[in-house]
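Structural features, examined
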Amino acid sequence: MFNHKPKEQTCYLALNEFSCIGTRILIAYFENSTIQAIMLGLNLESLLTELQNLCPQLKFVQAFESKQSLELVDKLENYIVNPKQNYLDFNLKIEGTEFQKLVWTELCKIPFGSLCTYADIALKIGRPKSARAVANACGQNNIPLIIPCHRVIRSDGSYGGYSSGKHIKEILIRLEQNIISGRK
């Protein structure tokens, strides 16, 4: 009878071609600068495809040169290298299960340049036997960099996985630790 198809939302795309981490950063955001997703990688076509698969309900408009996009790129680039960073400086559209949101909230408490383990996060959220589920929640984080899943490693000290690639996780960890130690 009635076809109540949800209204397609428009999401704008900002692109940092030459980020401080040596990869492209694609930011999907709404008109009010609320960030929907951040994608990291070298191949723009792959990033666009991955974003469309992640958010098929959204219509994406490339706004790479708009003032709003350029300001958002600059703000994110400054955030990546700022030891005094605060995720609350951004408007984020966080979508996930209650468990994922619990994990992501805890990740935002990890200080710049610091590392903790998946087991540490599991303990902090009151679920000591859920280290593997914590790792899975980190892998489902659509807003890396701001929700710093790169700061979480395995209990054996190895880095573990990262949705954008282990090499990017290593770069982020090294960058933060160099800034903290005064090297750049």
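Let us look at the structure shown here. None of the values given here were measured: they were computed from a predicted structure. (Residues numbered from 1 in each chain as written. Predicted model: local features only at pLDDT ≥ 70, side-chain atom pairs only at ≥ 80, totals over all residues. Heavy atoms only, no water.)

1. A short note on the overall build of the protein
For the protein, the helix and strand inventory stands at 6 helices and 6 strands. For the protein, the N- to C-terminal ordering of α and β elements is β-β-β-α-β-α-α-β-α-α-β-α. For the protein, whose C-alpha radius of gyration is 17 Å, the value lies close to the compact-globule estimate of 16 Å for 184 residues. With the C-alpha coordinates of the protein rotated into their principal frame, the extents come out at 55 × 45 × 30 Å. Per-residue burial over the protein gives 47% buried out of 184 residues. Entry remark: accessible area of the protein is about 10200 Å², with carbon and sulfur atoms responsible for 51%. Looking at charge distribution, the protein has the averaged site of its 21 positive side-chain charges lying 6 Å from that of its 17 negative ones. (Helix = DSSP H or I, 4+ residues; strand = E, 2+ residues; numbered from the N terminus. Rg over C-alpha atoms; globule rule 2.2 N^0.38 Å. Buried < 20%, exposed > 50% of the residue type's maximum accessible area, 1.4 Å probe, protein only. Areas by Shrake-Rupley, 256 points an atom, 1.4 Å probe, with all protein chains shown as cover. Lys, Arg positive; Asp, Glu negative; His and termini not counted. Charge placed at Lys NZ, Arg CZ, Asp CG, Glu CD.)

2. Quick word on the state of the cysteines
Within the structure shown, the criterion is met by 0 disulfides. Of all cysteine sulfurs, the one in Cys 149 lies closest to Cys 20, which takes part in no disulfide; the gap is 16 Å. Note on Cys 20: relative accessible area 32%, which makes it partly exposed. (Disulfide = S-S within 2.5 Å.)

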